[in-house]
There are 2 protein chains.
Amino acid sequence: MNVAINKDFINALSDCIREQNSKSVLEMLAELHPADIAEIFAELSVEEQSFILSLLDNEISADVFLELEEDDRKRLLKQFSTKEIAEELINEMDTDDAADIISELSEAQQDEVIAQIEDKEHAQDIVDLLRYDEDTAGGLMRKEFVKVNTNWTVLTAVREMRRQAEDLEEVYSIYVVDDDNILLGTLSLKKLLTTSSSTKLEEVYNKNVYYVKADDEDENVAKIIQKYDLMEIPVVDELKRLLGIITVDDIIDVMRDEAEEDYQLAAGITRNVDADDSILTLTKARLPWLLIGMFGGVGAAGIMSNIQDKLGDFLILLSFVPLIQSTAGNVGIQSSAIVVQGLANGTIKDDVWKLIGKEFLLGLLNGLGIALVVLMISHFIFGTSYLISLTICLALVTVIIVAATIGTFIPLFLNKRGMDPAVSTGPFITTSNDIFGVFIYFLIAKIILGF
Amino acid sequence: MNVAINKDFINALSDCIREQNSKSVLEMLAELHPADIAEIFAELSVEEQSFILSLLDNEISADVFLELEEDDRKRLLKQFSTKEIAEELINEMDTDDAADIISELSEAQQDEVIAQIEDKEHAQDIVDLLRYDEDTAGGLMRKEFVKVNTNWTVLTAVREMRRQAEDLEEVYSIYVVDDDNILLGTLSLKKLLTTSSSTKLEEVYNKNVYYVKADDEDENVAKIIQKYDLMEIPVVDELKRLLGIITVDDIIDVMRDEAEEDYQLAAGITRNVDADDSILTLTKARLPWLLIGMFGGVGAAGIMSNIQDKLGDFLILLSFVPLIQSTAGNVGIQSSAIVVQGLANGTIKDDVWKLIGKEFLLGLLNGLGIALVVLMISHFIFGTSYLISLTICLALVTVIIVAATIGTFIPLFLNKRGMDPAVSTGPFITTSNDIFGVFIYFLIAKIILGF
C-alpha cells in the first residue's frame, strides 16, 4: 500500500488523461486509497478531476469527494446535475457524510437532490440528520449501526447483525435496546463470538455505556471520547431513545479543527484558514487583529507625544519603551495560553483566585530576574543614571505582574461568561498590555523622576 | 454513567476515608470509570489515594494509575514496593502501558520489577517494547492482538481468536500472517461473523492493509491513522514481520500532545507545561523566551539612543516606534502560524517560492491598508507634517512586507532542515521582527528626513 505520489506520478497521470487512456488511468489509481486520490486532485484541473470521477466506481468517487477540501468539492459539484449527485454520490455515502455534503448545497438544490435519492429510507435518515446543528452530537452522528433487542438470544442477534451489517463497512459495537428503543447497553463482537448461541442478550450485554444527547456540543463529545478511550459513542434523545452513533474518526476531525482554531487565535488570525486559501480570504482573516494592534500602537504613540516638553532624560526613558512593551506582550500571551489550554484539557478546575495568585507570584519572580539583567545592561553598558535605571526596573517588574494577571484573568472571565477563552490570546492580550505597559511606565517615571 | 463529581462528592469521600469506612468508599466509586477516579485523585492526599488503591481490584487500580498525570503517578509509585508494582499493577496492564510505567522508574527499580513479573511471556513482551524510543511506532505499540494464519479455515480462526482474545478487553481487527509471521492483511470480526465456517482465510481476508515500521515517528503514525480513518494499525519490522499494533486512542494522545506543544510554542513557552505545574517548572518554561524578547527590546533601545542628537521631529518619529514594532510582531506571528499549520496538516507542498511570493503580496495589501489609516490619524489628529507621515507609512508598508516574508521563510527553512517549524512562531519571530522593524524605520527616516 505504498505508492509514491510525486511529481512524476502526477505528470504521468495527466498524460494518460490527455490521451483519454481510461485503462491506464484506472490502473494507476487502482491501488490508491480515496484519501490519496483526493490528494492527487489538488494538483489537477477540474476537467481532469471530472474525467477521473467518471471512470471510478460510484462508491470510490463518493469517498474521494468526502476527502476533498470544501472549496474544491464545491467547485467540482458544479459539474454534476442534482440527479447525478443523488444517484452517484449520495446513494453511496453514509448518512452523516451525505447530510454534510447536502448541507453545502443551495436550498433549492438540496430539495432536488433529496427528492432523487432512490432508497427512501436512506433519504429519510439524511433529512433527519439535516435538522441538527453542524457542531452538535446530532450533526456528527450517523444512522448506520447495528441494534439488537435485549430479549433476543445470541443466535438471533448474530442473524440480525448479519442482515443489518450488510451495508455497513465495519462494525465495532452492537447496541442493545428495549422494546421502546431505549438504549440499555452495548455488546461487543468479541462477546458475540465467544458466547454460546442460546444465551439471552440481557445476560451478557455491557450495561456501562457512555452516551451523549443529540444537542450536546461536539467539543464535549470529543472530551468524553478522549477521556474514556472510546471507539464510538451512541447518541440518544431526551428519552434516551437511540438515534445514531458517532465514531472516533469524526471526532479526530473535530479535535484537529479545534486545535487549529485555538492555534490561529493565539497567532491573531480570526478565521480558520489554510496556507492555500485565496489572498482575499487570508486578508479578511488577518486584517482585524492587525488593526487592533495598530490602534494600540497609535494609542501608545499618543501617550508618548503628549509629554514632549521635557527632553534629555526623557529621551532615554523613551528608548526603553519597546522593551517594556514587548515584555508585557510576551508575558500576557504566555499566561493566557496556559489558561486557555488548561481550560481546554480540564486541568483548571474551580480555584480561580489561587491561579491568579500563583500567576502574580510567578510574574514577580520573572520580573525580578529580568529587571536585574536590564539593570546591569542599562547601567554598565548604556551608562544610564541610577534613578532612570531604577525607574526602568520598577516599571518592568510592575508591568510583568500586571500583564501576567491580566493574561490569566481575561480567559477565565470569558470562559465564565460562556465565551471561547481562546479569543483572548494573541493580539488582544498583546495590545491591551502594550497600552497598560506604557501607562505604568510613565506613571512610575512621573513618581520617581517627576515628569 | 453520569455521577456528578463535585466538591460535595469529594468531601463525602474524604470523610469516609478518614473513618476508614471501606464499604462506603467502594460504593461511592463503584459506578466510576478509572479516568473519573483519577480525576478525583487530583483533589486527594497521597495517603487518601493509597487507601483507595488498597481497596480497589488490581485491574481497576492499574487503570487508575495509567490515567494519572506523570508527576502524581511518580509520587504515588513511591508508596509501592517493586514487588507490589509488579504483581498488583504491571500484571494487570497491557504491554504498552506496562512498558510506559516501567520506563518511568529508575534503572535499578526497572530490573527488580521486571524480575518479579509472574507471567514470563508478559515480562518478555514488556522487555521487547522497552527497546523502542518513546516517540516511535515501536514505543506506542502493544503486543496484545489476535493473529491468524492464512491457511486456516474460518472455523479454526474463530476458535483461535476465542483463545487468544481471552485476555484482551476488545478486538477490532484480526491480523493475517503467513508461516513466517509476515503480515499479509486483516480480517474484520464482521467478516468472520458473516462468512461460512469452512472457507479458507486466504479467500476472504483484506489484502489492502496499511502498516508502519517500528522505527517510524509517532507523528507519522498519527498522520496515517488520521488520513485513512483507521481504528488501529499494525507495526512491522524491516522484513514486514508483525510485531504489534497501535490503537487510535493512543494516537489521540499523541495528537493532543502535539497540538498543545505547537500552541505553547506559538505563545512562547518552551516546555509542555500545565496550569497546575509548580512555579519553578513554569518559570523554567517561560523565562527563556522572555529573555530573548528582552534582548530584542534592549537592542531596539540601543539603536534609538544612538541617535539622540537630533530632537524635535525625531521625538515624533520615536513615538511611533511602538506602533511599528507591534505591527511587525503581529504580522510575523500570523505568517509563521499559517505556515506551521500548513506543514502540520499537509496543505503546504513543494511550492515554497509561490508561498513566499503570495505572502509578499499579502503583506503589501495589508500594509497599504494599515498605512492609509495611520496616515489619516497621524496627519489629521496628531498634526504630523507630511514628510514625517510619509516616513511612517512607507516604513509600515516595508516592515509589514519584510515581517510577512521572514515569518514565512523561517518555518519553511527549519522544516527543510528537519527541525520543528513550530519553534519559529511566537517570541522568536516577534523579537527578530522588532529589531528589523526599528532598523527599517530609522533607515527610511534617514533617507527621507536626513537623520
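My aim in this report is to walk through the structure given alongside it, one point at a time. (Residues numbered from 1 in each chain as written. Chains lettered and ligands numbered in written order. Predicted model: local features only at pLDDT ≥ 70, side-chain atom pairs only at ≥ 80, totals over all residues. Heavy atoms only, no water.)

Once that is clear, we can look at the overall build of chain A. Of the regular secondary structure elements, chain A holds 22 helices and six strands. Residue burial in chain A is summarised as follows: out of 451 residues, 54% are buried. For chain A, restricting intrachain contacts to residue pairs at least 6 apart in sequence, the fraction spanning at least 24 positions comes to 65%. Total accessible area on chain A stands at roughly 20,000 Å², and carbon and sulfur atoms take up 52% of it. (Helix = DSSP H or I, 4+ residues; strand = E, 2+ residues; numbered from the N terminus. Buried < 20%, exposed > 50% of the residue type's maximum accessible area, 1.4 Å probe, protein only. Contact = heavy atoms within 4.5 Å. Areas by Shrake-Rupley, 256 points an atom, 1.4 Å probe, with all protein chains shown as cover.)

The next point concerns the sheet that holds strand S1 (residues 146-149) of chain B. Residue and element names in this part refer to chain B. The strand order across the open sheet formed by three strands is S1-S2-S3, and the pairing between neighbours is mixed. Two strands lie at the open edges of the sheet, namely S1 and strand S3 (183-188), each paired on one side alone. Averaged over all pairs of adjacent strands, the angle between their axes in this sheet comes to 35°, without regard to strand direction. One ladder, built from four bridges, connects S1 with strand S2 (residues 173-177); its direction is parallel. Across the sheet, residue valine 148 finds its bridge partner in S2, namely valine 176. (Pairing = 2+ DSSP bridges. Axes fitted to C-alpha atoms, helices over the stretch in contact; angles between N-to-C directions.)

The final tally for this structure, using the stated rule, is eleven aromatic pairs over all chains. Note on tyrosine 172 of chain A and tyrosine 172 of chain B: the rings are 5.1 Å apart at their centroids and 75° apart in plane angle, and the pair reads as edge-to-face. With tyrosine 172 of chain A in the loop between helix H12 (154-164) and strand S2 (173-177) and tyrosine 172 of chain B in the loop between helix H12 (154-164) and S2, this pair bridges two chains. A single burial state applies to tyrosine 172 of chain A and to tyrosine 172 of chain B, both of which are buried. Here the aromatic rings of phenylalanine 65 of chain B and phenylalanine 80 of chain B are separated by 5.6 Å at their centres, their planes lie at 85°, and the arrangement is edge-to-face. Taken as a pair, phenylalanine 65 of chain B in helix H5 (residues 58-67) and phenylalanine 80 of chain B in the loop between helix H6 (70-77) and helix H7 (82-89) lie far apart in primary sequence, 15 residues in all. The residue whose ring lies beneath arginine 131 of chain A is tyrosine 132 of chain A, and the NZ or CZ to ring-centre distance is 5.0 Å. A cation over an aromatic ring shows up here: lysine 207 of chain B above the ring of tyrosine 205 of chain B, its NZ or CZ 4.7 Å from the ring centre. (Phe/Tyr/Trp six-rings, centres within 6.5 Å; stacked < 30°, edge-to-face > 60°. Lys NZ or Arg CZ within 6 Å of the ring centre and 35° of its normal.)

With that settled, the discussion passes to the pairing of strand S6 (residues 242-247) of chain B. Residue and element names in this part refer to chain B. Taking burial as the measure, the six residues of S6 include six buried ones, the bulk of the element. Note that strand S5 (residues 232-236) and S6 share five bridges and pair antiparallel. Pairing of isoleucine 233 across the sheet is with isoleucine 246, part of S6.

Attention now moves to the packing of helix H20 (residues 352-381) of chain A against helix H21 (residues 386-416) of chain A. All names here are of chain A. The N-to-C vectors of H20 and H21 enclose an angle of 155°; their axes lie 8 Å apart at closest approach. When the interaxial angle is binned, H20 and H21 end up roughly antiparallel. In this structure, the crossing between H20 and H21 has a hand that is right-handed. The residue inventory of the contact of H20 with H21, partitioned by class, reads 20 nonpolar, eight polar and one charged. (Parallel < 35°, antiparallel > 145°, perpendicular 65-115°, else oblique. Left-handed = near helix turned anticlockwise from the far one by under 90°. Nonpolar A, V, L, I, M, F, W, Y, C, P; charged D, E, K, R; others polar.)

A separate point is the nonpolar core. The nonpolar side chains of a soluble globular protein tend to be buried with one another. Judged by nonpolar contacts, the single largest core of 131 residues is most densely connected at Ile90 and Ile246 of chain A together with Ile90 of chain B. When neighbours within four sequence positions are excluded, isoleucine 90 of chain A is seen to be in contact with Ile85, Ala98, Ile101, Ile102, Val113, Ile117, His122 and Ile126 of chain A. Leu323 and Ala403 of chain A together with Val331 and Ile370 of chain B belong to the second-largest nonpolar core, a separate cluster that totals 50 residues. (Core = buried A, V, L, I, M, F, W, Y, C linked by side-chain atoms within 4.5 Å.)

All names here are of chain B. Within helix H8 (residues 95-103), seven of the nine residues are buried, leaving the element largely enclosed by the surrounding structure. Every buried residue belonging to H8 is among Thr95, Asp96, Asp97, Ala98, Ala99, Ile101 and Ile102, and all of these are buried. Buried residues belonging to H8 abut H5, H6, helix H9 (107-115), helix H10 (120-130), helix H11 (137-140) and helix H16 (248-266).

Bringing the pairing of S3 of chain B into the picture now. In regular strands, side chains alternate between the two faces of the sheet. Residues and elements named next belong to chain B. Within S3, five of the six residues are buried, which leaves it mostly tucked inside the rest of the structure. Examined bridge by bridge, S2 and S3 share five bridges and lie antiparallel to one another. Bridged to isoleucine 174 within S3 is leucine 187. With antiparallel pairing between neighbouring strands as the criterion, S2 and S3 make up a hairpin whose turn holds five residues, including asparagine 181 at a positive phi of roughly 65°.

For the rest of this paragraph, the subject is the environment of leucine 287 of chain A. With respect to the secondary-structure elements, leucine 287 of chain A resides in helix H17 (residues 279-305). Given the relative accessible area of 23%, leucine 287 of chain A is considered partly exposed. Placed 124 residues apart in sequence, leucine 287 of chain A and proline 411 of chain A show a C-alpha to C-alpha distance of 22 Å. Those residues in contact with leucine 287 of chain A, other than ones at most four positions away along the chain, are Asn366 and Ile370 of chain B.

Another aspect to go through is the sheet that holds strand S5 (residues 232-236) of chain A. Residues and elements named next belong to chain A. Taking strand neighbours across the sheet as the criterion, the three strands line up as S4-S5-S6 in an open arrangement whose pairing is mixed. In this open sheet, the two strands that pair with only one neighbour each are strand S4 (212-213) and strand S6 (242-247). Strands S4, S5 and S6 of the sheet are contacted by helix H15 (residues 218-227), whose axis makes an angle of about 135° with S5.

We now examine unusual backbone geometry. Notably, glutamine 20 of chain A is not glycine yet its phi reads approximately 55°, a positive angle. Relative to the elements of secondary structure, glutamine 20 of chain A occurs in the loop between helix H1 (7-18) and helix H2 (22-29). Classification of glutamine 20 of chain A by relative accessible area gives exposed; the value is 52%. Positive phi values are uncommon outside glycine, yet aspartate 229 of chain B reaches one of about 50°. Take aspartate 229 of chain B: its relative accessible area is 35%, and that puts it in the partly exposed class.

Residues and elements named next belong to chain A. All told, the structure shown has 30 salt bridges over all chains when counted by the stated rule. Residue glutamate 160 pairs with arginine 163 through a salt bridge whose shortest N-O separation is 3.2 Å. Taken as a pair, glutamate 160 and arginine 163 lie in helix H12 at a separation of three residues, close to a single helical turn. Exposure remark for glutamate 160: the relative accessible area of 17% places this residue in the buried category. Relative accessible area serves as the criterion here: at 54%, arginine 163 is assigned to the exposed category. Through salt bridges with shared partners, one network takes in Asp94, Asp96, Arg142 and Asp250. (Salt bridge = Lys/Arg side-chain N within 4 Å of Asp/Glu carboxyl O.)

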